[in-house]
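Listed below, chain by chain, are the residues.
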Amino acid sequence: ATKGLLHPPLSCRHLSSSNVRRRRSVHFIPADNDKFLSKSLTLGADTIVLDLEDSVKDKQLGRERLRAFLDMAHSLPGRNNTEVLVRINPLSSSSSSVEDWREDLVAGFDGSDGFVVPTVE
């Protein structure tokens, strides 16, 4: 018995290969850049992260382009092999509106596979 531990150490043995996604390559794509968005699914990356945070100056433009991309992405070659995540703005920050992250979730909800939360303070 090990003193101080309430539970035995966690193990990954319960995870099967069918429910684990290997991410060998992850590309961050600024969501306001049409050229990069159009090429993103042709890169062969395991995951692309459509960034609405640091790399986007005009947040509203980024959300609009993100929505347009996600609306058509389901029919693009490479979509079935690539996980698409959306990196949202901080949940609280002096540099952005308190509502930015909520608007990011709405913009990326339909068509993405999930969200990436930025650095947490």
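Residues numbered from 1 in each chain as written. Predicted model: local features only at pLDDT ≥ 70, side-chain atom pairs only at ≥ 80, totals over all residues. Heavy atoms only, no water.

A. Spatial organisation of the confidence of the model for the chain. Counting all residues, the mean pLDDT for the chain is 83, and 78% of those residues have values of 70 or more. Throughout residues 1-12 the model reports pLDDT below 50, and contacts reaching past four residues in sequence, or to other chains, amount to 0 contacts. (pLDDT = per-residue confidence, 0-100. Contact = heavy atoms within 4.5 Å.)

B. Local environment of the packing of helix α2 (residues 59-73) against helix α3 (residues 100-109). Contact pair α2 / α3: the axes reach a minimum separation of 9 Å and the direction vectors enclose 20°. The pairing of α2 with α3 is recorded here as roughly parallel in orientation. Here α2 runs over α3; the crossing is right-handed. Of α3, the residues touching α2 (which contributes K59, Q60, R63, L66, R67 and L70) are D100, E103, D104, A107 and G108. Tallied by class, the residues present in the contact of α2 with α3 amount to 3 nonpolar, 2 polar and 6 charged. (Axes fitted to C-alpha atoms, helices over the stretch in contact; angles between N-to-C directions. Helix = DSSP H or I, 4+ residues; strand = E, 2+ residues; numbered from the N terminus. Parallel < 35°, antiparallel > 145°, perpendicular 65-115°, else oblique. Left-handed = near helix turned anticlockwise from the far one by under 90°. Nonpolar A, V, L, I, M, F, W, Y, C, P; charged D, E, K, R; others polar.)

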